[in-house]
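Working through the structure, step by step
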Amino acid sequence: MTTRGSGLRERKKQATREALRAAALRLALERGPDNVRVDDIAQAAGVSPRTYNNYFSSREEAIVAAVTAERESRVAAVVAARTGARLADDVIDAVVEQYTDPGGPGRDALLLITTAPALRAAFLDAATAIERPLADVIDDRLGGTDPYTARVLAASVAAAVRVALERWLRSAAATPAAGGLVVPAGSLPDLLRSALAPLAPALDAAEERLRRGERR
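Every value quoted in this text rests on a predicted model; they were computed, and no experiment measured them. (Residues numbered from 1 in each chain as written. Predicted model: local features only at pLDDT ≥ 70, side-chain atom pairs only at ≥ 80, totals over all residues. Heavy atoms only, no water.)

1. Focus: the overall build of the chain
- Scanning the chain from terminus to terminus reveals 12 helices and 2 strands.
- Each helix (α) and strand (β) of the chain, taken in turn from the N terminus, gives the series α-α-α-α-α-α-α-α-α-α-β-β-α-α.
- The buried share of the chain, reckoned over its 216 residues, is 41%.
- Accessible surface for the chain amounts to roughly 11400 Å². Of this, 51% is attributable to carbon and sulfur atoms. (Helix = DSSP H or I, 4+ residues; strand = E, 2+ residues; numbered from the N terminus. Buried < 20%, exposed > 50% of the residue type's maximum accessible area, 1.4 Å probe, protein only. Areas by Shrake-Rupley, 256 points an atom, 1.4 Å probe, with all protein chains shown as cover.)

Pasting the structure below:
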């Protein structure tokens, strides 16, 4: 009974989170992000402002959450599902796959992010969410190694993703187009792979220690 009740509460929390981020993005697209208040988002989602604050710390965080759609957790899930190949390949491929998913946010949502400085900053900050779920998966892949290796590797992946996204967004701001800024496109996979490539030797070394049966 307790397990069933906990599962129901988690589903309700997830539904509330989804409703809030969907409302935030819709209102931002309709009015412009500067004309959206937290109270507006809460009302549109059918919850109180206090409930809103239990999920998001700002309107920018909620808007960006609608665009990223928890893909940081999906990166970890993909790596966990691919247990037969080289860890470095699995991590890099999972990041590129999830951050360049053609089924992701549309042009209007990406244009909103690229043209609003506060949203760009929140979008970059969201990359840090990849660290903890990915650290858990890397730790499992390495057989429960020391308490630092998985966290350091995952934090390095998050930092590399942030660097790639920052360059990607900068390219959008530097490319004028009629009626505003263009949405950056095909260069993102290459930027992600280039930023993550220096981490491959560290991921390989951690796997090699596991094969040799080393623990720290």
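Okay, back to it.
2. Examining the packing of helix 6 (residues 87–99) against helix 11 (residues 187–196)
- At a minimum axis separation of 10 Å, helix 6 and helix 11 run at an interaxial angle of 155°. When the interaxial angle is binned, helix 6 and helix 11 end up roughly antiparallel. As helix 6 packs across helix 11, the resulting crossing turns out to be right-handed. Together, Ile92, Asp93, Val95, Val96 and Tyr99 of helix 6 and Leu188, Pro189, Leu192, Arg193 and Leu196 of helix 11 make up the contact between the two elements. (Axes fitted to C-alpha atoms, helices over the stretch in contact; angles between N-to-C directions. Parallel < 35°, antiparallel > 145°, perpendicular 65-115°, else oblique. Left-handed = near helix turned anticlockwise from the far one by under 90°. Contact = heavy atoms within 4.5 Å.)

3. Side note on the confidence of the model for the chain
- The pLDDT averaged across the chain works out to 86; a share of 87% of its residues lies at or above 70.
- Highest mean pLDDT in the chain belongs to helix 2 (residues 38–45) (96); lowest belongs to strand 2 (residues 180–181) (44).
- Residue range residues 177–182 is modelled with pLDDT below 50. Its contacts to residues more than four positions away, or to other chains, number 12 contacts. (pLDDT = per-residue confidence, 0-100.)

4. Some remarks on the pattern of salt bridges
- Under the definition given, this model contains 16 salt bridges.
- Aspartate 89 is the salt-bridge partner of arginine 86, the closest N and O atoms lying 2.9 Å from each other.
- When its relative accessible area of 33% is taken as the criterion, aspartate 89 is described as partly exposed.
- A single network of salt bridges, built from pairs that share partners, joins Arg31, Arg37 and Asp40. (Salt bridge = Lys/Arg side-chain N within 4 Å of Asp/Glu carboxyl O.)

5. Section: the packing of helix 5 (residues 71–81) against helix 9 (residues 131–141)
- The geometry of helix 5 relative to helix 9 is characterised by a closest axis approach of 8 Å and an angle of 10° between their N-to-C directions. Considered as vectors, helix 5 and helix 9 are oriented roughly parallel to each other. Side by side, helix 5 and helix 9 meet where Glu72, Ser73, Ala76, Val79 and Ala80 of the first sit next to Pro133, Leu134, Val137 and Arg141 of the second.
- Taken together, the residues of the contact of helix 5 with helix 9 break down into 6 nonpolar, 1 polar and 2 charged. (Nonpolar A, V, L, I, M, F, W, Y, C, P; charged D, E, K, R; others polar.)

6. Things to note about the nonpolar core
- Grouped together as the largest cluster of nonpolar side chains are 67 residues, with contacts concentrated most on Val95, Ile138, Val157 and Leu165.
- Considering each element in turn, this core owes the most residues, 11 residues, to helix 10 (residues 149–173).
- Not counting residues up to four positions away in its chain, the partners in contact with valine 157 are Val91, Val95, Ile130, Leu134, Leu196 and Leu199. (Core = buried A, V, L, I, M, F, W, Y, C linked by side-chain atoms within 4.5 Å.)

7. Side note on the packing of aromatic side chains
- Per the stated rule, a full pass over the model turns up 2 aromatic pairs.
- Between tyrosine 52 and phenylalanine 56, the ring centres sit 6.0 Å apart and the planes meet at 50°, which makes this aromatic pair tilted. Each member of the pair, tyrosine 52 together with phenylalanine 56, is buried.
- Taking 6.5 Å as the distance between ring centres and 35° as the angle between the ring planes, the aromatic pair formed by phenylalanine 123 and tryptophan 168 counts as tilted. Remark: tryptophan 168 occurs in helix 10 and phenylalanine 123 occurs in helix 8 (residues 117–125); sequence separation between them is 45 residues. Comparing phenylalanine 123 with tryptophan 168, the two get one shared label, buried.
- Directly above the ring of phenylalanine 56 sits arginine 17, whose terminal nitrogen or CZ lies 5.7 Å from the centroid. (Phe/Tyr/Trp six-rings, centres within 6.5 Å; stacked < 30°, edge-to-face > 60°. Lys NZ or Arg CZ within 6 Å of the ring centre and 35° of its normal.)

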